[in-house]
Amino acid sequence: MVKKKPLVVITRKLPDVVETRMRELFDARLNLDDKPMSQDDLVAAVRSADVLVPTVTDRIDAALIEQAGSQLKLIANFGTGVDNIDVAAAAKRGITVTNTPGVLTQDTADMTMALILAVARRIVEGAEVIPQGNWVGWSPTWMLGTRITGKRLGIVGMGRIGQALAYRARAFGLQIHYHNRRRVAASIEEALEATYWDSLDQMLARMDIVSVNCPHTPATFHLLSARRLQQMRPQAILVNTARGEIIDETALIEMLEAGELAGAGLDVFEHEPAVSERLVKLAEAGKVTILPHMGSATREGRVDMGEKVIINVKMFMDGHRPPDRVLPSAV
């Protein structure tokens, strides 16, 4: 007798190669038009699916999990962060949660370095000048940016992405500083010539560039609060490719409007997909570079994420512990 395939509901359009493999292995219900699921759609999904494959933009909270059918046993998140899922509520219902760690490290580090360069050298502003017909020729004092070689980079969160950024930044001649929950191994510090700061406040006050690379958890919500942002030097640049909620966005906007920071590069926002009109105006004025959450957006990265989801689902359905299980204690 042929074993019945598990019903796997995928909330968004995934790369074709990933969807094809899911159709081969599972009874996969795809979202071919990529329209975000409504709350009613999500309720219907958790009531019928054996496995739910959400993305970081789907809110899988306790209220939704409470409505899940008894057959739902796995939530295989298409994404590294699981701040969109109430992992504790899932555990109480006997539902396993997995994620896709490690595969987006290089892509996100690339984008972080790109944002540092874009803000410091005013690349986005410059790219708009010629298409708008505003270039009248070279001038010694026009469109001056900031040299990054020799500057101090403070990395908030020295995990995989933070370390990958540090290696890139070293190649550009930046001096590496970092704040982390735990100090990294001495061998890593030596390789990066990195300086560890136990006090985030002390580090922020001394950096030319600050990059946010830690996960969003209850402990890191508004980690860069209004008070901490005020510790930064007026000549400093702030870059965030992690999660918007880590920074008090209103406080950051007020500082940028007042000229209390040299600039910022943001790929994430506190209330995504909504972006503050004040931020948009700042971007139009060349005071901030904003991107539509594209730090991990490479073809290779998305396929790698999908392959991790498939492995987690297959291992779980075969009765084994999935390799990327997320425990409530780890969130």
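I will try to describe carefully the structure that is included in this document. (Residues numbered from 1 in each chain as written. Predicted model: local features only at pLDDT ≥ 70, side-chain atom pairs only at ≥ 80, totals over all residues. Heavy atoms only, no water.)

## Some thoughts on the overall build of the protein chain
- Helix and strand counts for the protein chain come out as 13 helices and 12 strands.
- Projected onto the principal axes, the alpha-carbon positions of the protein chain cover approximately 80 × 50 × 35 Å.
- Every one of the 331 residues in the protein chain was classed for burial, and the buried ones make up 47%.
- Partitioning the contacts of the protein chain with sequence separation of at least 6, the portion at a separation of at least 24 is 61%.
- By element, 52% of the accessible surface of the protein chain is carried by carbon and sulfur atoms, the whole surface being about 16700 Å².
- A gap of 4 Å separates the mean positions of the 39 positive and 40 negative side-chain charges of the protein chain. (Helix = DSSP H or I, 4+ residues; strand = E, 2+ residues; numbered from the N terminus. Buried < 20%, exposed > 50% of the residue type's maximum accessible area, 1.4 Å probe, protein only. Contact = heavy atoms within 4.5 Å. Areas by Shrake-Rupley, 256 points an atom, 1.4 Å probe, with all protein chains shown as cover. Lys, Arg positive; Asp, Glu negative; His and termini not counted. Charge placed at Lys NZ, Arg CZ, Asp CG, Glu CD.)

## Side note on the packing of helix α11 (residues 249–257) against helix α12 (residues 277–284)
- The contact between α11 and α12 brings their axes to 10 Å, and the two run at 35 degrees. Between α11 and α12 lies a crossing of left-handed hand. Residues Glu249, Thr250, Ile253, Glu254, Leu256 and Glu257 of α11 pack against Arg278, Leu279 and Leu282 of α12.
- When its residues are assigned to classes, the contact of α11 with α12 shows four nonpolar, one polar and four charged. (Axes fitted to C-alpha atoms, helices over the stretch in contact; angles between N-to-C directions. Left-handed = near helix turned anticlockwise from the far one by under 90°. Nonpolar A, V, L, I, M, F, W, Y, C, P; charged D, E, K, R; others polar.)

## A few points about helix α5 (residues 105–121)
- The terminal C-alpha atoms of α5 lie 24 Å apart, and with 17 residues this matches the ideal 24 Å at 1.5 Å per residue to within 8%.
- Most of α5 is tucked away: 12 of the 17 residues are buried.
- Just downstream of α5, arginine 122 is the residue with a positive phi angle, here 55 degrees. (Expected span 1.5 Å × (residues − 1).)

## Observations concerning helix α1 (residues 16–25)
- Where α1 is concerned, the buried positions are Val18, Glu19, Met22 and Leu25. On an axial view of α1, the arc spanned by its buried residues comes to 130 degrees, and they lie on one face. Those residues of α1 that are exposed and angled more than 90 degrees off the buried face are Asp16, Val17 and Arg23.
- In the core, the buried residues of α1 are packed alongside β1 (7–10), β2 (27–29) and α13 (299–317). (Arc of directions from axis to C-beta.)

## Quick word on unusual backbone geometry
- The linkage connecting glutamate 272 with the following residue, proline 273, adopts the cis geometry, with an omega of 5 degrees.
- On the secondary structure map, proline 273 appears in the loop between β11 (263–266) and α12.
- Not every positive phi belongs to a glycine, and glutamate 193 is a case in point at roughly 50 degrees.
- Mapped onto the secondary structure, glutamate 193 falls in the loop between α8 (186–192) and β8 (195–196).
- Owing to a relative accessible area of 55%, glutamate 193 belongs among the exposed residues under this scheme.

## Brief notes about the sheet that holds β2
- Ordered in space as β2-β1-β3-β4-β5, the five strands form an open sheet in which the pairing is parallel. Strand pairing shows two members of the sheet lacking a second neighbour, β2 and β5 (96–98), which therefore form its edges. Sheet twist, expressed as the mean angle between neighbouring strand axes with direction ignored, is 20 degrees.
- Here two bridges tie strand β3 (residues 51–53) to strand β4 (residues 74–76), and the two strands are oriented parallel to one another. Across the sheet, leucine 52 pairs through a bridge with isoleucine 75, a residue of β4.
- The sheet strands contacting α13 are β1, β3, β4 and β5, and the helix crosses β4 at an angle near 165 degrees. (Pairing = 2+ DSSP bridges.)

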